[in-house]
Structure formats: C-alpha cells, structure tokens
Amino acid sequence: MSKLLTHARPPLSELTEQERMFQGAVRDFAAAEIAPKIREMDEAAQMDPALIDQLFEMGLMAVEIPEEHGGTGADFFTSVLVVEELSKVDPSIAVLVDVQNTLVINAFLRWGNDDQQSRYLPRLASDTVGAYALSEAGSGSDAFALACRATQDGDDWILNGHKLWITNGNEAGMFIVFATMDPSAGYKGITAFIVEKNFEGFSVGKKEDKLGIRASSTTELLFENVRIPAANVFGEVGKGYKAAIETLNEGRIGIGAQMIGLAQGALDHTVRYVQEREQFGRAIGSFQGVQFQLAEMATDIEAARLLVYNAARLKDAGQPFVKQAAMAKLFASESAQRVASICIDLHGGYGFTKEYPVEKLYRDAKIGTIYEGTSNMQKQTIAKALMR
Ligand SMILES: Cc1cc2nc3c(=O)[nH]c(=O)nc-3n(C[C@H](O)[C@H](O)[C@H](O)COP(=O)(O)OP(=O)(O)OC[C@H]3O[C@@H](n4cnc5c(N)ncnc54)[C@H](O)[C@@H]3O)c2cc1C
C-alpha cells in the first residue's frame, strides 16, 4: 500500500532534460534575435522575414513533424513549451509558430492521408508557413455558417468566396480552407481543402490594422473559381466540421500557452522594475501592497500554467481533454489580461508609454479571449461537458 501511495508521478510542471534544453534554446534565441526587433515590427505591423527563416532553421516550425519528413519529431507538449517561451518575448512571433504547429501540422498529422503528408510535411518543415482558414465575415462563433462555397467539377473542386481574419495570411504558402458544399446542410456540408498560394484564382486580400499582435498578419483570403485537385481534399468529403472542431480543441491549448508566456513576460519585466523604481525613499517593490499584487499575479500565472500543461499532457496521453483545453484557454487568457493590466499599473506613467515592454504585452493580451473561440464559447464547451 505504502509503495502504491509513494509511486512517483512526475509533477505537471516538471520538464525532462530534453524539454529543458529545447526550452533554453528557444529562450536564448528569443532574447538574442527577437527582442531587439519587437518595437520596430510592432510599429511597422510587419514581421521580419529573416526571423521566420531562423524559426525554420531551429526546427520550431515543425515541432511535431516526424524526423523522416524533416521535422523535430517531438510531441504536442513541446509545441506548447515553444509557444509559451516565445510569447514571453513576443506573442506575435509566437502565434505564427502556434498556428503552424498546433493547427496546421497537427491537422496534417491527424487528417492528412499518406500522400498529403509526404507532399506537404517536408515543405512545412523546411520553408512553408501554413495558415488555417475557417472564419468568414458572417461565420465566427457560429463557425459552420460558412458561405465559402465548394462545388464539384469532375474529380476536381471549385472554390468561391472569402475568408476573414486569417493569421499568417501574408506569410503562408499553403492554407487549410473550410468550405461548404451546401449551406442548407449546416455542418454536414463542410469539407476541408489544401490550397496553395499559387493556385489560380486565389489571392490574399486586405490586412487588418490591429490593436495587438501587430507583427502577425491577419488577412482576408479571396477565392475566385479556384480549382482544387481531388488529391487536395483534406480528410473526408462532408467531414470538414470534424477536422475543424477537433483541431481547434487542440489548438486552443496553444493559445493558453501563448497567454501564460505573455503574462510571465509582463510579470518578469515588472518584478525588475519594482526593485529599481524608488518612491518615498525606497524601492516600490518593498511596499507590501505592491508585493501582494506581484504574489497574486504569480499565482494566477501558475494556475493557468498547470491548466495548460495538464490539457497538453492529456492530449499527448490520448485521454479526453476537450473540457480541460477550454478551461485552460479561458483561464489563461482572462488572467493574462488581468496580469498585463496590473503590470502597467505597477510601471506607473511609464507603463502607459512605449518605453517599457508591458504596454505592448497589454495590447497583445486582448486577443486571447477572442480567437480560437471567445471566452463565451469556451464557457459553452465547459458547460456542455458538465451537463452531458
Ligand atoms: C487577430 C485575429 C486572428 C485570427 N486568426 C484566425 C485564423 O487564423 N483562422 C480563423 O479561421 N479565424 C481566425 N480569427 C477569427 C476568430 O476566431 C474569430 O474572430 C472569433 O472566433 C470570434 O468570431 P467573430 O469575430 O465573428 O465574433 P462573433 O462570433 O460575432 O462574437 C461577438 C461576441 O458575441 C459573443 N457571442 C456570439 N455568439 C454567442 C453565443 N451563442 N453565446 C454567447 N455569446 C456569444 C462572442 O462571445 C463575442 O463576445 C482571428 C481573429 C483575430 C481577431
């Protein structure tokens, strides 16, 4: 009995040596290469293409792709660690990496057939950014009210319509696109397709001018009689909704990771600042009122991290994780907003300026409660799981 009780299960936040090394390499890269470019990329709303090349070189754009296809061959949890680490420095770069790994590659590994995996995974591992195109002007939270239309023409398919809000739109070379064969069929009419940037009739439209994660491109996609070969139907015809739901269930763990990284980054800057800034003849960090604010933020982040890590580990273990993923995304994104806001307060007037990094992290935090399902949608998923 005592043996049973003491049987050691690793703590949720314990990392293997390999995970720690990977995390350390990402941390060093982010500090040396990304940090000096953040301000310029944010102001220009433009990601430095040289950084994307470096992300590929480091294997960060192919974390879960098996080595035989040129990837890093790690697990989903490692993708989460990468996204968390990058987000401490720049959540814009992190979301590029997040979409590539937790949505696009994840979808390929799960739903792509052998031919699609061998054609696209080596490209995704070496030089091709991917994007995941579900949302439309009239279809956001109601994700399957799609108007983008797919019609069959012989063995091929023809796509017509618009997508909106697509992350990596400007950088991507390939897109997973969801379209309906019949809007009256609801979710059962939806099929997913692999679209390449150079397919005739496809173009990238307007780029959004955003509050936060400004260096990450968010664009419209336009489809005008785009011919898709049958070999690029992704998963089964009429089962696109299943691929969309299941990929997003996993992807939102990545957004949770983005939010814990962001919050940790903001807190780290703030802990430094309160030890330097003096008022009333002493460092403001020596006041108990300030210390209590730091303690509450650290506790929020730790709780969010445990939720995110647990959801990721459940997924890797092949166990149910949908409720936990929704909770992780909900709590991590709401708490990141609270944390980033208090970090601004603790920087006083400087917090409200671009002189310190917390101003940008505060703006970046806002997206967490919106994309990959708003907070209300996460609550709906959690409540549904409770009442099953
Ligand atoms: C920066 C950015 C990047 C994005 N990247 C991508 C991407 O790469 N790919 C992609 O496909 N999409 C992407 N999106 C789209 C994103 O997923 C949607 O914006 C999001 O799902 C919300 O949809 P919506 O904007 O249409 O808002 P709406 O669905 O119109 O929601 C507006 C408000 O109404 C609430 N609401 C709606 N329905 C209900 C309900 N039934 N009960 C309670 N409240 C409700 C919502 O919670 C929200 O507060 C991105 C969006 C942004 C802003």
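Counting starts from 1 at the beginning of each chain's written sequence and moves along it residue by residue. Totals for whole chains, interfaces and linings use every residue, but because this is a predicted model, local features are given only for residues with pLDDT of at least 70 and side-chain atom pairs only at 80 or more, for both listing and counting. Only hydrogens and water are set aside when side-chain values are computed; all heavy atoms of the structure are taken into account.

**Section: the overall build of the protein**
Defined as follows: Helix numbering and strand numbering both begin at the N terminus, where a helix is a DSSP run of H or I of at least 4 residues and a strand a DSSP run of E of at least 2. Atoms considered for the radius of gyration are the C-alpha atoms alone. The globule rule reads 2.2 Å times the number of residues to the power 0.38. Only the protein chains shown count as cover for residues, and the accessible areas themselves come from Shrake-Rupley with a 1.4 Å probe. His is not counted here, nor are the chain ends, while Lys and Arg score as positive and Asp and Glu score as negative. For the purpose of locating charges, the reference atoms are NZ of Lys, CZ of Arg, CG of Asp and CD of Glu.
When you go through the protein residue by residue, the secondary structure sums to 13 helices and ten strands. The C-alpha radius of gyration of the protein comes to 21 Å, within 12% of the 21 Å expected for a compact globule of 388 residues. With respect to the three principal axes, the spread of C-alpha positions in the protein is 80 × 60 × 40 Å. Total accessible area on the protein is roughly 17,400 Å²; 53% of this is exposed by carbon and sulfur atoms. The protein carries 38 positive and 51 negative side-chain charges, and their two centres are separated by 6 Å.

**A short note on the site of the ligand**
Inclusion rule: Being near a molecule or strand, for a residue, means having at least one of its heavy atoms within 4 Å of it. Under the rule applied, a polar contact is a pair of N or O atoms within 3.5 Å (in protein, one hydrogen donor and one hydrogen acceptor; residues adjacent in sequence only if both atoms are side-chain atoms).
Neighbouring residues of the ligand: 18 residues in total, closest S135, S141, W165, T167 and T374. At 2.8 Å, a backbone N or O of Y132 approaches a nitrogen atom of the ligand. One nitrogen or oxygen atom from the main chain of W165 is found 2.8 Å from a nitrogen atom belonging to the ligand. The protein chains hide 64% of the 970 Å² of surface that the ligand would expose on its own. Counting residues per element, the ones that place at least two in the shell around the ligand are strand 3 (156–167) and helix 13 (375–386).

**Examining the side chain of E220**
For clarity, the cut-off: When accessible area is computed with a 1.4 Å probe and restricted to protein chains, residues below 20% of their type maximum are described as buried, those above 50% as exposed, and intermediate ones as partly exposed. Between Lys or Arg on one side and Asp or Glu on the other, a salt bridge is scored when a side-chain nitrogen of the former is within 4 Å of a carboxyl oxygen of the latter. The contact criterion used throughout is that any non-hydrogen atoms of two residues lie within 4.5 Å.
Structurally, E220 is set in strand 7 (residues 218–228). The side chain of E220 sits in the buried core without any salt bridge; K206 is the nearest counter-charge, 6.0 Å away. Beyond its immediate stretch of four places on either side in the chain, E220 contacts H162, K163, L164, S203, V204, G205 and K206.

**What about the pairing of strand 3?**
So the rule is basically this: Whether two strands pair depends on DSSP finding at least two bridges between them.
Where strand 2 (residues 149–153) and strand 3 come together, five bridges link them in antiparallel fashion. Among the inter-strand pairings, Q152 is bridged to a residue of strand 3, identified as W157. In this antiparallel pair of consecutive strands, strand 2 and strand 3, the connection spans two residues, and G154 shows a positive phi of 65°. Pairing of strand 3 with strand 7, which is carried by eight bridges, proceeds in the antiparallel orientation. Looking at strand 7, one finds that W157 is bridged to I228.

**Comments concerning the packing of aromatic side chains**
Cut-off, in case you're wondering: The criterion for an aromatic pair is that two Phe, Tyr or Trp rings (for Trp, the six-membered ring) have centres within 6.5 Å, with stacked assigned to planes under 30 degrees apart, edge-to-face to planes over 60 apart and tilted to the rest.
The tally for this structure, following the rule as stated, stands at eleven aromatic pairs. Ring geometry for F108 versus Y120: centroids 5.7 Å apart, planes at 45°, classification tilted. Of the two residues, F108 is situated in helix 6 (residues 91–111) and Y120 in helix 7 (residues 114–126); the sequence distance between them amounts to twelve residues. For the pair F108 and Y120, one class covers both residues: buried. Aromatic side chains Y350 and Y356 sit 5.6 Å apart centroid to centroid with 55° between the ring planes, which places their arrangement in the tilted category. Joined through ring pairs, the aromatic side chains of F108, Y120 and F234 make up one cluster.

**So, the environment of T219**
Mapping T219 onto the fold places it in strand 7. The spatial distance from the C-alpha of T219 to the C-alpha of F76 is 27 Å, given a sequence separation of 143 residues. Setting aside anything within four residues of it in sequence, one finds T219 in contact with K163, L164, W165, I166, G169, N170, V204, G205, K206 and K207.

**What to know about helix 9 (residues 288–316)**
Cut-off, in case you're wondering: Here, expected helix span is obtained from the residue count minus one, scaled by 1.5 Å.
For helix 9, with 29 residues, the first-to-last C-alpha span of 42 Å sits near the 42 Å given by 1.5 Å per residue. Within two residues after helix 9, G318 carries a phi angle of roughly 75°, on the positive side.

**Remarks on the packing of helix 5 (residues 76–89) against helix 9**
A pair of packed helices is characterised by two quantities: the angle between their axes and the separation of those axes. Our working rule: Helix axes are fitted to C-alpha atoms over the stretch in contact, other axes to C-alpha atoms as well, and angles between N-to-C directions run from 0 to 180 degrees. If an angle is under 35 degrees, it is roughly parallel; if it is over 145, roughly antiparallel; if it lies from 65 to 115, roughly perpendicular; otherwise it is oblique. Gly is placed with the polar residues, together with every amino acid not listed as nonpolar (Ala, Val, Leu, Ile, Met, Phe, Trp, Tyr, Cys and Pro) or charged (Asp, Glu, Lys and Arg).
Put simply, helix 5 and helix 9 touch, their axes get as near as 8 Å, and they point 150° apart. When the interaxial angle is binned, helix 5 and helix 9 end up roughly antiparallel. Along its contact with helix 5, which presents F76, F77, V80, L81 and E84, the element helix 9 presents R305, V308, Y309, A312, R313, K315 and D316. Broken down by class, the residue content of the contact of helix 5 with helix 9 amounts to seven nonpolar, no polar and five charged.

**Here we look at unusual backbone geometry**
Phi angles above zero are rare outside glycine, and I213 is one such case at about 30°. As for its position among the elements, I213 is in the loop between strand 6 (202–207) and strand 7. Accessibility expressed as a relative area gives 4% for I213, which makes it buried. Although it is not a glycine, F280 sits at a positive phi angle of roughly 55°. As for its placement among the helices and strands, F280 is situated in the loop between strand 9 (278–279) and strand 10 (282–283). On the basis of relative accessibility, which here comes to 78%, the residue F280 falls in the exposed class.

**Considering the side chain of T191**
By the element assignment, T191 lies in strand 5 (residues 190–196). A polar side-chain atom of T191 sits 2.8 Å from the main-chain amide nitrogen of G238. Setting aside chain neighbours within four positions, we find T191 in contact with V177, F178, A179, M181, V233, E236, V237, G238 and G240.

**Comments concerning the environment of M259**
Within the fold, M259 resides in helix 8 (residues 240–276). Take M259: its relative accessible area is 1%, and that puts it in the buried class. The sequence separation of M259 and L211 amounts to 48 residues, and the corresponding C-alpha distance is 16 Å. Ignoring anything within four residues of it in the chain, the contact list for M259 reads A332, S333, A336, D364, A365, I367 and G368.

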